[in-house]
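Residues per chain are reported as follows:
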Amino acid sequence: MEGHSSSKSIQLLLVDDDKTTRRLLGFVLERLGYHVTEAQSAKEARAHIHTLGFDHFDLVVSDYWMPGQNGLELLKYISVEDPTLSVMLMTSDGERQILENLIQINGCGFLQKPIKRDTLRARVADAVAQTRRRRHLQATESEANTLGENQRILQHKQLTGEWSNIEFTFTSKSQASGDFVSVIPLQSGEKVLLISDASGHELSSALQSNYFHGLARGMLKYGASLPQVFQHFNDILLHEWNDEDLVGHSLAALALSFDRDKQLLSFINAGAPQPYLSQSDGFAAPIGNAQGFAPLGWFEDPFFQSQIKLQPGYVCAWTDGLSDLAENTEVDPLALADRLLNKRLNSSSLLSNARDDIAVIRVTPPCTPIDFQPMIPLVSLDIPGDQADRIDEIQAYCEKSIRIVAPEIDSSYLADLLLCLREALLNALTHGCRSQRDLAASLRLSRSHDFSKIAIQIRDQGQGHSFDWEAHAATAAEELIPEHRGLIMMHSIPSRIDLSDRGASVFMEFEREANLNWAN
């Protein structure tokens, strides 16, 4: 026998109304190691398929001209019912001209009569391989669809079931996502929010991320600590799944543990974007090490851990797909997270530019009163004191960040807000920080739930100075003094302005009519 020993399990359906040709070709194919089922017409071929099933066959080889249905009609039938099954049509020279424009129906191949033995061997092997590739891909896609749907159902049910005041959104570039989020209640009463992002977009990435969450849930249930969970999975990646000199599997992970009694947030970060913590005023700051740590699966010492005191507000976290989209869109990731969490606004066109899966979580800590609505963070920047020349860029960044969450915001309202922001930030950089690189100014923006307020906080690391702006404003009006006009304007435009720390900290609030169409 000329074929491979494994070829005997390969099933071919041979269709030809000419008995001699059919028997001769069937004999050759069997000598090549294939199992052949013969049919003398398209009708009989369909009967065999109906009895044995499409999955029984790896290839259909059919003559083109036959009484009743011809080979092309059989090809169209198979293409509709099972597009994974390859079909090869046998043609003469004249028939080939007719078929060349129709061959794309199912990626169909053809054999030109008279058929050479070597050509038959090569073409049949290629067509069988194509069928198996298609079926493998179809099975993988089906598994991915099932896994992806299970992911979405489980995440929604589990997150909302464990934490009533949690907001979340997910988007995936494939059927199943390597980004996964879960809430794990501990026996102590603490809750752990676990976020992971496996490298790659293959089905294996989704399985890897899901495996990590299952492992964490089991280990935590039986008394292991979060650092032990991270260390154990890192060891699995390093010593079982990856080669010595090649990082094949890695996982960025973030764990946030909320202790209601001690009012503490404990966190572990291994390669994930920094989470943000805001207080009731919505002014958010990143928590953790700004330098970051490598994902699990890279090094023996893989993560950063610490604790921080909790206050009523928000904890916001996301995977690096959001950071990447925010950078490309030139907006603050907090503002982009707020936009994606807002179900009233359609973000499909925005997400079409995403290059990676995205998971976003925003949650109020357990210490937040049930009926209390903190301000929502929008922008969090820390700017070196020598970068006043970037003021146009920073102003445009803030404008885009506001517009992405409030696309129909009044232009005059926004212009007034940005003008005050600009003046206050320039003052902080040039006077508070004295244009020194080793000093910095922080810029924070937040909004109320109903969009009736946008608040700004600008703080610098300078020593501040006493300045009676009201007295100066009166003198300037009488004597037309040009100095400090920006500061005078800052005090007249906002609905509210507070200065503290001798002017080193400025708070401004801008009120407007509420817009529930933008509210989350």
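Check the entry above for the structure.
Residues numbered from 1 in each chain as written. Predicted model: local features only at pLDDT ≥ 70, side-chain atom pairs only at ≥ 80, totals over all residues. Heavy atoms only, no water.

## Quick notes on helix α2 (residues 42-52)
We apply this condition: Partly exposed residues are those whose accessible area sits between 20% and 50% of the maximum for their type, while under 20% is buried and over 50% is exposed, using a 1.4 Å probe and protein chains only. We count a stretch as a helix when DSSP gives it H or I for four or more residues in a row; a strand needs E for two or more, and each element gets its number in order from the N terminus. The reported arc concerns the directions from the helix axis to the C-beta atoms and nothing else. Any pair of residues with heavy atoms lying within 4.5 Å of one another is described as a contacting pair.
Turning to α2, its buried residues are Ala-42, Ala-45 and Ile-49. Mapping the buried residues of α2 onto a view down its axis gives an arc of 60°, with all of them on the same face. Of the exposed residues in α2, the ones pointing more than 90 degrees away from its buried face are Lys-43, His-50 and Thr-51. The elements touched by buried residues of α2 are β1 (11-15), β2 (35-39) and α3 (71-81). Gly-53 lies just past α2 and shows a positive phi near 95°.

## A few points about the nonpolar core
Short version of the rule: To qualify as a nonpolar core, a set must consist of buried Ala, Val, Leu, Ile, Met, Phe, Trp, Tyr and Cys residues joined through side-chain atoms within 4.5 Å.
Formed by 57 residues in total, the largest nonpolar core has its most connected members in Leu-336, Leu-425, Leu-443, Ile-456 and Met-508. When residues in this core are grouped by element, the largest group, ten residues, is from helix α12 (residues 411-432). Residues contacting Leu-425, with those up to four places away along its chain left out, are Ile-383, Ile-391, Ile-394, Ala-441, Leu-443 and Ile-458. Core analysis: the second largest hydrophobic core is formed by 23 residues, Phe-233, Ile-236, Leu-251 and Phe-303 among them.

## Concerning the packing of helix α8 (residues 320-329) against helix α9 (residues 333-341)
Where we set the bar: The axes are straight lines fitted to the C-alpha atoms, using for helices just the contacting stretch, and the angles between their N-to-C directions are given from 0 to 180°. When an angle is under 35 degrees it counts as roughly parallel; over 145 it counts as roughly antiparallel; between 65 and 115 it counts as roughly perpendicular; any other value is oblique. Lys, Arg, Asp and Glu make up the charged group, whereas Ala, Val, Leu, Ile, Met, Phe, Trp, Tyr, Cys and Pro make up the nonpolar group; the residues left over, Gly among them, are polar.
Where α8 contacts α9, the axes come no closer than 9 Å and their chain directions differ by 110°. Considering their axes alone, α8 and α9 lie roughly perpendicular with respect to each other. Contact residues: Leu-322, Leu-325 and Ala-326 in α8; Pro-333, Leu-336, Ala-337 and Leu-340 in α9. When grouped by side-chain class, the residues that make up the contact of α8 with α9 number seven nonpolar, no polar and no charged.

## Regarding the sheet that holds strand β4 (residues 86-91)
What counts here: Pairs of strands are assigned from DSSP output, requiring at least two bridges between the strands.
Read across the sheet, five strands follow the order β2-β1-β3-β4-β5 without closing on themselves; strand pairing throughout is parallel. Looking at which strands have only one partner, the edges of the open sheet turn out to be β2 and β5 (109-112). Recorded for the sheet is a direction-independent mean angle of 20° between the axes of neighbouring strands. Relative to β5, β4 is paired through four bridges, and the arrangement is parallel. What sits directly across from Met-88, in β5, is Gly-109. Of the strands in this sheet, β1 and β2 are in contact with α2, which crosses β2 at around 130°.

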